[in-house]
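Listed below, chain by chain, are the residues.
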Amino acid sequence: MQSIRMVLPAILDSVSQVVWVVDHRGRILYTNPAGVAALGYDDAEELVGLSSHETLHPYRPDGTPFPASECPMLQPATTGVPAHGNDEWFKRRDGSFFPASWWAAPIDLPEGRGVVYSFFDATENRELERARRERDAARIRADESRAAQRRIMQSIESVRRQTARDLHDGAQQRLVSLLIGLRLTRDLLPDSAADAGALLDQAITDAQLAIDELRELAYGVYPSVLQAKGLMAAVESLAERCAVPTTVAGEYPHRLPAEVESNAYFVIAEALTNAVKHANGSHIRIAIELKEALRIEVTDDGIGGVAQDAGGSGLTGLGDRVSAFDGVVVIESPPGRGTSVRAEIPVLE
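Residues numbered from 1 in each chain as written. Predicted model: local features only at pLDDT ≥ 70, side-chain atom pairs only at ≥ 80, totals over all residues. Heavy atoms only, no water.

## A short note on the overall build of the protein chain
- Secondary structure assignment for the protein chain yields 10 helices and 10 strands.
- Residues counted as buried form 36% of the 349 residues belonging to the protein chain.
- Contacts in the protein chain between residues at least 24 apart in sequence constitute 56% of all its contacts with a sequence separation of at least 6.
- Accessible surface computed for the protein chain: about 19600 Å², of which carbon and sulfur atoms make up 55%. (Helix = DSSP H or I, 4+ residues; strand = E, 2+ residues; numbered from the N terminus. Buried < 20%, exposed > 50% of the residue type's maximum accessible area, 1.4 Å probe, protein only. Contact = heavy atoms within 4.5 Å. Areas by Shrake-Rupley, 256 points an atom, 1.4 Å probe, with all protein chains shown as cover.)

What follows is the structure in structure tokens.
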């Protein structure tokens, strides 16, 4: 026991944690070097005999006086019960303040019960906590933004599907009925009514053109094959209609949620349109792969040189479309070596 008492001062002098001892009146009896440094003093003797409360925190955080009778750090001398706090602000020698966490415990001294307590500067901890809260808030805002984008995309795709159905079942069907009626009328005309027949022939041609154009419009709004047969079939149909020779390759073993397939289809359609308009290439390749994520790639052998953030290239908005589903888009377009648009969309099975 005697040996412990002999080495105890050396232990207290070497630890980085602040250790103070105050008497039953709240006067400082001892502070280790860490306590001297924490408050900006030069020597422990400068602190001995001072009121611990007036030295550490004579004011509340709002600047109002803090009476020693209300000091929770001195309560163990009266109650005999240890105490702890995280929301104190301690004063340095130069008058500046810092947030502190502290622990206090009663200690029996020859003159009566005192208090031994330890504290540390919580500035770094508070900064870390603030950074964590800001990071969490930023993550929540990003999640909410993506969720809002996804809802918007889903709403747009729903409108697309409804518009395509309305065009097909409404205007297109009425034009088909009109075309049939015109043809029947044309068949009933005698050969002598040449002028009327010519007019009907022109009307029939115009009606057929209107039907073809309406069919193209409905396909562009939302292709029925996408809803009926899925992404692979819709992309193959898109490739067949492309003005530049286009091949489709990949594996697509089963259907995915409608909004994911629709999103991927229009990403491919936009990239394909961009390649046709701007690449000046002779061939386009579309690759689709479904593993842990849906991976799509549209590559052309054109002139390249398209910046990833190019506003006029037709690629603007692909990142927003894909990021709404927590995906990413990478565009590589070295000058003279074609352009590759790669997108990866996570899939929740």
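## A look at the pairing of strand S9 (residues 328-332)
- A one-sided burial pattern is seen for S9, the buried positions being Val 329 and Ile 331 and the unburied ones Val 328, Val 330 and Glu 332.
- Of the strand pairs in this sheet, S9 and strand S10 (residues 339-346) are connected by 5 bridges, and their pairing is antiparallel. Looking at S10, one finds that Val 328 is bridged to Glu 344.
- Counted along the chain from S9 to the antiparallel partner S10, the turn is 6 residues long, and its residue Gly 336 has a positive phi close to 80°. (Pairing = 2+ DSSP bridges.)

## Description of the nonpolar core
- Leu 231, Tyr 252, Tyr 265, Ile 268, Ile 288, Leu 294 and Ile 296 are the most contacted members of the largest nonpolar core, which totals 39 residues.
- Of all the secondary structure elements, the ones that give two or more residues to this core are helix H7 (224-229), helix H8 (231-240), helix H9 (258-279), strand S7 (284-290), strand S8 (293-300), helix H10 (318-323), S9 and S10.
- Sort the elements by how many residues they give to this core and H9 lands first, with 11 residues.
- The contact partners of Ile 288, leaving out residues within four places of it in the chain, are Leu 231, Met 232, Val 235, Ala 249, Gly 250, Glu 251, Tyr 252, Ile 268, Leu 294, Arg 295 and Ile 296. (Core = buried A, V, L, I, M, F, W, Y, C linked by side-chain atoms within 4.5 Å.)

## What about the side chain of Ser 118?
- If you trace the backbone, Ser 118 turns up in strand S5 (residues 112-121).
- The buried category is assigned to Ser 118, whose relative accessible area is 14%.
- In this view, Ser 118 contacts Gln 17, Val 18, Ser 101, Trp 102 and Trp 103; residues no more than four positions away in its chain are not counted.

## Overview of the pattern of salt bridges
- A complete count under the given rule lists 10 salt bridges for this structure.
- Between Asp 121 and Arg 92 there is a salt bridge, and its shortest N-O distance comes to 3.3 Å. A residue pair is termed long-range when its members are at least 10 positions apart, and Asp 121 in strand S5 and Arg 92 in the loop between strand S3 (83-91) and strand S4 (97-109) qualify at 29 residues.
- By relative accessible area, Asp 121 is classed as partly exposed at 35%. (Salt bridge = Lys/Arg side-chain N within 4 Å of Asp/Glu carboxyl O.)

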